[in-house]
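Inside the fold
Here is what each chain is made of, one letter per residue.
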Amino acid sequence: MLRSRNSGECVINLPTTRLTDTVVRIGNTSGAEIDKFAEFGLTSEQGEKVDAPLIDECHANFECRLHDDALVDKYNFFIFEVVKAHVAPSPKHPETLHYTGDGVFMVSGKIISRRSLFRPDML
Ligand SMILES: Cc1cc2nc3c(=O)[nH]c(=O)nc-3n(C[C@H](O)[C@H](O)[C@H](O)COP(=O)(O)O)c2cc1C
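Residues numbered from 1 in each chain as written. Predicted model: local features only at pLDDT ≥ 70, side-chain atom pairs only at ≥ 80, totals over all residues. Heavy atoms only, no water.

1. Concerning the environment of Cys 64
- Note that Cys 64 resides in strand S4 (residues 60-68).
- Exposure remark for Cys 64: the relative accessible area of 1% places this residue in the buried category.
- Along the primary structure Cys 64 and Ala 85 are separated by 21 residues, whereas in three dimensions their C-alpha atoms are 8.8 Å apart.
- The contacts of Cys 64, once residues within four sequence positions are left out, are Gly 8, Glu 9, Cys 10, Ile 12, Val 50, Phe 80, Glu 81, Val 82 and Val 83. (Helix = DSSP H or I, 4+ residues; strand = E, 2+ residues; numbered from the N terminus. Buried < 20%, exposed > 50% of the residue type's maximum accessible area, 1.4 Å probe, protein only. Contact = heavy atoms within 4.5 Å.)

Spelled out as structure tokens, the structure:
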């Protein structure tokens with residue numbers, strides 16, 4: 001995150017369960033020591049708005065610019081603005097990973113719709 005503070009930008013890449021083992025391995029290593037793209041067979045793609053690379057194998061990529069760093073020193077809390085979003089058209093509801101700690105992930109589950117209950121202007 002130090003790099004994000006210095007450059008004022010980052011890319012948030014959204015992996016799916018297909019990449020679970022790779023996600024863990026990436027998290028166990030440092031880009032200061034290895035080239036993570038080469039080591040884990042991932043494809044780097046150039047962003048449109050920021051210099052940080054996108055991971056092609058991810059379902060979605062969000063190019064972000066640092067909007068406010070006032071809370072970084074105290075809370076390590078970065079407020080980014082998404083300046084460009086890339087989302088694969090399918091699957092519509094990808095199986096995503098949610099880290100719950102202690103080496104364990106929750107996987108996104110079944111899809112339920114309450115569309116009929118929504119006010120149209122809320123959709
Ligand atoms: C599943 C998983 C979740 C992680 N979550 C965090 C986190 O929330 N915050 C954090 O600082 N590091 C977290 N880490 C550790 C970072 O991924 C690790 O410090 C990072 O890969 C170091 O790479 P870098 O030196 O290239 O930045 C996590 C690692 C794993 C495997």
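2. Quick notes on the nonpolar core
- Counting five residues, the largest nonpolar core consists of Leu 19, Phe 40, Leu 42, Ile 55 and Cys 58.
- Those residues in contact with Cys 58 that lie beyond four places of it in its chain are Asn 13, Leu 14, Pro 15 and Leu 19. (Core = buried A, V, L, I, M, F, W, Y, C linked by side-chain atoms within 4.5 Å.)

3. Digging into a nonpolar patch on the surface
- Taken together, the side chains of Leu 117, Phe 118, Met 122 and Leu 123 make up a nonpolar region of the molecular surface, amounting to roughly 460 Å² of accessible area.
- Within the secondary structure, Leu 117 is located in the segment after strand S7 (104-107). (Patch = residues over 30% accessible without salt bridge, like charges linked within 9 Å, V, L, I, M, F, W, Y side chains within 5 Å. Areas by Shrake-Rupley, 256 points an atom, 1.4 Å probe, with all protein chains shown as cover. Salt bridge = Lys/Arg side-chain N within 4 Å of Asp/Glu carboxyl O.)

4. As for the UniProt feature "domain: Flavin reductase like" (unreviewed entry) in the protein chain
- The positions UniProt marks with the feature "domain: Flavin reductase like" (unreviewed entry) are residues 6-102.
- Along residues 6-102, the helical share is 19% and the strand share 34%, with 31 Å between the first and last C-alpha atoms. (UniProt positions renumbered as here; feature names shortened; annotations may be inferred.)

5. Here's the deal with the side chain of Thr 22
- The topology assignment puts Thr 22 in helix H2 (residues 20-27).
- Of the residues examined, Thr 22 reaches a relative accessible area of 17% and is grouped as buried.
- Beyond its immediate sequence surroundings of up to four residues, Thr 22 is in contact with Phe 40 and Leu 42.

6. Remarks on the pairing of S4
- In terms of strand pairing, strand S1 (residues 9-14) meets S4 through six bridges, oriented antiparallel. Residue Asn 13 lies in a different strand from S4, and its bridge partner there is Asn 61.
- Note that S4 and strand S5 (residues 79-87) share eight bridges and pair antiparallel. The residue of S5 that forms the bridge with Glu 63 is Lys 84. (Pairing = 2+ DSSP bridges.)

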